[in-house]
Amino acid sequence: MTDNEDLKKGKKNKGTSKVVCGYPLSIFFIVVNEFCERFSYYGMRAVLVLYLKYFLRWDNDMATSIYHVFVALCYLTPILGAIVADSWLGKFKTIIYLSIVYAIGQVAMAVSAIHDITDTDRDGVPNNMTFHVALSMVGLFLIALGTGGIKPCVAAFGGDQFNENQDRQRRTFFSVFYLCINGGSLLSTIITPIIRAQECGIHSKQECYSLAFGVPAALMVVALVVFIAGSGMYYKAEPQGNIMLDVCKCIGFALKNRFRHRSKQYPKREHWMDWAEEKYDKLLIAQIKMVLKVLFLYIPLPMFWTLFDQKGSRWTIQATTMDGNFGALVIQPDQMQTFNPILILTLVPLMDSVIYPLIKKCGFNFTPLKRMTVGMVLAALAFVCAAVTQIQIDKTLPTFPSASQSQLKLLNMGSNPVSVVLPGNENLELPAAQASNEFFTYDTDMVSISVVSPPMTKHFSLTMGQRQTLLIPANPSDEWLLSDDLIAKPEKGRNAIRFVNGLNKPVNITTPDVDFGLIETSDYSNYTMVKSGKNSFTIQSGSQSCEFSREFGFGSSYSFFIPSTFVFGSNCQESITESEYIKPNSAHMALQIPQYFFITAGEVMFSVTGLEFSYSQAPNNMKAVLQAGWLLTVAIGNFIVLIVAELAKIPEQWAEYILFASLLIAVCVVFSIMAHFYTYMDPAEIEAQFKKKVDDDDDDEDNKSQKSEIEMVKKGSIRSHNEDDPNKQTKM
């Protein structure tokens, strides 16, 4: 087969389109480009909410809001990209230009995550957060413009490369194309969280968000280079105009014309779109009517996306308070999103080949709209599961003091038990070198603590809204110290550790990554964050040292007390006592698997079926309009999350999950009623009937016109005959 034979009839070849295994070589560049671009997008998006929360130091609601504004923009800009490609630049130039914008945005995000740029005091925390916030917001805007702008162009551009007689190859291309989308999503959500969890930096080590964004940026640059490399092989269709603009103009004219003729003196028309007949073709108006009928069903759909896209925000934040230890594998919170593409690749063929045929055999008419309704119910069920999971998490959280309360824990630093009398004449027996098992809560800032032997009473001013530990020295007549404790779970699943020195000499404590510094006698270190897993500590005083190691979970806090009886040596660890201040995360991340299963099953039944239904109910030239409407529902759904997160301010997260589930169920009821009254259409048949009717009307008009002409000819003949025949002339 020659190159010219592969070209579509009437097309002008603008490159050398070689054929490999029956496929144009150009599509291989497009497929690789799509894989790299999807890796870039989903990889950046996987770690985005944690970047907003932990690097930019925004609270959960603010991080969630910005995340969903970004996602909403990603689903609004495809409409702009389609209009630009079809009406102005063409698909090829649109992909090139917006990919450059896209790559610049990814690079901006990577640079914004380098903490050393503004970390002047080298403590690991940026000193000029405004710079990082501004650069990241510019980056997110450019990424949204780029990824959304090229979204409607790449697949269509790939389809343009095939001839009219290559339907089988075109179908295979689209299957591979969408496989690349899911493959890029799957790999990126596995890899980028692993990169993010590493520590990097020039002067101080912090979580490596810069590299986690840098790898997607590099993949986007690769995607752009690969796409440009195939430039000479592509067929580049000229812009043909965008149907969405024509539809909008037609609808706008109909509304304006209807408003102008709102007076009762004008007769009503069967449909308000009929007011466009003065300017637009009747077939176009009929097609728009069919599209509007489907778009009307889209009205309740945004609520599904409101729930669905929270798996990348609220659910990821939820996972940060859970235990990700799966034995040989430790899952990062942002890696839980990986279950979505894995389940999609599993459930789509399972639904098509097993579930749907089985339902059909049972005699149940499982129409597309019924499937979408079930998909909504499954998504609501996913959020009920999320609420149950959140309740389990909340049970493991400590009760921190309110702003009008103070909490106190006591530590006996002596080698003998101590009897203590707390406020309210509550007696407490503290074993040697041990702390009280719990914090005592008080509604006042002034408390008096008494020691039974020797009799002694001390008065302390506590800090309201704060947890504190009272260090009781071996000799009660010495100074008693109050230390501040954490009033929140350690972030990022790390563990807050400190040491209290009960020896009569200073000690220095280090780990391979952290130096606790020199701790004076009867003093304590600051809290230091250590990772989960096994951590080893070196305790040193002068020439003496010993190794102390311990396994840590996720999100705990401990104080380790070195008693006066501590002896350096191989068994030194046995004499160190620990006090658990905050329990480690005990709710396992596996609890999130049911909610991911239900939300993904809902996606398969709702999204895949919804697009299939929409395309079957609209004319071929109107599918772009329906795609724009579908993407608009996704954008609106993400804006709804923004509204709820910023305005509702629900104090309990589980209650917010229940609220979203309840809203979706309510919307589901409305949608099911609308679906019940919906009549399925065959657009091709309706168009054929309409064209036949128009042709018949034209034939009738032609017949009437011909009949009129014949009558006129007859009349003309009689008149002519009377005038010319002398026998018929009237005599004067």
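For the structure, see preceding data.
(A) Focus on the overall build of the chain. Scanning the chain from N- to C-terminus turns up 17 helices and 21 strands. Taken over C-alpha atoms, the radius of gyration comes to 36 Å for the chain, far larger than the 27 Å a tight globule of 732 residues would show. For the C-alpha atoms alone, the extent of the chain along its principal axes is close to 160 × 60 × 55 Å. Counting the 732 residues in the chain, one finds 50% classified as buried. Counting only contacts in the chain whose residues sit at least 6 apart along the sequence, the fraction spanning at least 24 positions is 73%. Surface exposure of the chain reaches about 34800 Å², of which carbon and sulfur atoms provide 59%. If the 63 positive side-chain charges of the chain are averaged to one point and the 69 negative ones to another, these points end up 9 Å apart.

(B) Structural view of unusual backbone geometry. Put simply, S453 and P454 share a cis peptide bond, and its omega is -10°. Relative to the helices and strands, P454 resides in the loop between strand 9 (446–451) and strand 10 (456–461). The backbone of R57 shows a phi angle near 65°, a positive value even though the residue is not glycine. As for its position among the elements, R57 is in the loop between helix 2 (26–55) and helix 3 (60–89). Phi angles above zero are rare outside glycine, and S522 is one such case at about 60°.

(C) Inspection of the sheet that holds strand 10 at higher detail. Taken in spatial order, the four strands make up an open sheet running 7-6-9-10, and their pairing is antiparallel. Unpaired on one side and paired on the other, strand 7 (426–430) and strand 10 mark the two borders of the sheet. Across the sheet, the mean angle from the axis of one strand to that of its neighbour is 25°, orientation sign disregarded. Strand direction decides the pairing type here: strand 9 and strand 10, joined by six bridges, are antiparallel. In the strand pairing of strand 10, V451 is matched with M456.

(D) A look at a nonpolar patch on the surface. There is a patch of nonpolar side chains on the surface, built from L381, V384, V388, I391, W654 and I658 and spanning about 430 Å² of accessible area. Every element with two or more residues in the nonpolar patch is listed here: helix 13 (368–396) and helix 16 (653–676). Counting residues per element, the nonpolar patch draws most heavily on helix 13, which supplies four residues.

(E) Layout of the pattern of salt bridges. Under the counting rule described, the total for this entry stands at 15 salt bridges. Here R57 ties to E491 by a salt bridge, and the two come within 3.2 Å at their closest N and O atoms. Residue R57 is found in the loop between helix 2 and helix 3, and its partner E491 is found in the loop between strand 12 (481–484) and strand 13 (495–501); the two are separated by 434 residues along the sequence. By relative accessible area, E491 is classed as partly exposed at 33%. One connected set of salt bridges, linked through shared partners, spans R196, E207, D334 and K492.

(F) Molecular detail of the layout of surface pockets. Taken as a whole, the second largest pocket holds about 750 Å³ of empty space. Across the lining of the second largest pocket, the residue classes break down as 13 nonpolar, seven polar and 10 charged.

(G) Summary view of empty space enclosed by the protein. Tallied over the full model, the rule gives three cavities of 30 Å³ or more. As for the second largest cavity, its lining consists of L411, A433, Q434, A435, S559, F561, T577, E578, S579 and Y581. Secondary structure elements with two or more residues in the lining of the second largest cavity: strand 20 (557–562) and strand 21 (577–582). Looking at the lining of the second largest cavity element by element, the count peaks at four residues for strand 21. Along the lines of polarity and charge, the residues of the lining of the second largest cavity split into five nonpolar, four polar and one charged.

(H) Main features of the state of the cysteines. For the coordinates displayed, the defined rule picks out two disulfides. Between the sulfur atoms of C200 and its disulfide partner C208 the distance amounts to 2.0 Å. An S-S torsion of about 100° defines the bridge between C200 and C208 as right-handed. Classification of C200 as buried rests on a relative accessible area of 19%. For C208, a relative accessible area of 3% corresponds to the buried category. One disulfide bridge connects C546 with C572, the sulfur atoms lying 2.2 Å from each other. Every disulfide takes its handedness from the sign of the S-S torsion; for C546 and C572 that torsion is 100°, giving right-handed. With C546 in strand 19 (residues 544–552) and C572 in the loop between strand 20 and strand 21, this residue pair connects regions lying 26 residues apart in the sequence. For C546, a relative accessible area of 4% puts it in the buried group. Looking at the chain, its bonded cysteines, counted consecutively from the start of the sequence, adopt the pairing 1-2, 3-4. With no disulfide of its own, C180 lies closest to C36 among cysteine sulfurs, the gap being 9.2 Å. For C180, a relative accessible area of 13% translates into the label buried.

(I) Summary view of the packing of aromatic side chains. Taken as a whole and assessed by the stated rule, the structure comprises 51 aromatic pairs. Ring geometry for F55 versus Y209: centroids 6.3 Å apart, planes at 70°, classification edge-to-face. Highlighted residues: F55 in helix 2 and Y209 in helix 7 (residues 209–229), separated in sequence by 154 residues. The exposure class assigned to Y209 is buried, which follows from its relative accessible area of 2%. Put simply, the rings of F499, F516, F537, F548, F552, Y558 and F560 pair up and form one aromatic cluster. Across the ring face of F439, the terminal group of K409 is positioned such that the distance to the ring centre comes to 5.0 Å. The ring of Y524 is capped by R498, whose NZ or CZ atom sits 5.4 Å from the centre of that ring.

Conventions adopted
Residues numbered from 1 in each chain as written. Predicted model: local features only at pLDDT ≥ 70, side-chain atom pairs only at ≥ 80, totals over all residues. Heavy atoms only, no water. Helix = DSSP H or I, 4+ residues; strand = E, 2+ residues; numbered from the N terminus. Rg over C-alpha atoms; globule rule 2.2 N^0.38 Å. Buried < 20%, exposed > 50% of the residue type's maximum accessible area, 1.4 Å probe, protein only. Contact = heavy atoms within 4.5 Å. Areas by Shrake-Rupley, 256 points an atom, 1.4 Å probe, with all protein chains shown as cover. Lys, Arg positive; Asp, Glu negative; His and termini not counted. Charge placed at Lys NZ, Arg CZ, Asp CG, Glu CD. Pairing = 2+ DSSP bridges. Axes fitted to C-alpha atoms, helices over the stretch in contact; angles between N-to-C directions. Patch = residues over 30% accessible without salt bridge, like charges linked within 9 Å, V, L, I, M, F, W, Y side chains within 5 Å. Salt bridge = Lys/Arg side-chain N within 4 Å of Asp/Glu carboxyl O. 1 Å grid on protein atoms, 1.4 Å probe; cavity = no way out; pocket = protein on both sides within 12 Å on 5 of 7 lines; lining within 4 Å. Points joined across faces, edges and corners; volume = space filled by probe spheres on them. Nonpolar A, V, L, I, M, F, W, Y, C, P; charged D, E, K, R; others polar. Disulfide = S-S within 2.5 Å. Phe/Tyr/Trp six-rings, centres within 6.5 Å; stacked < 30°, edge-to-face > 60°. Lys NZ or Arg CZ within 6 Å of the ring centre and 35° of its normal.

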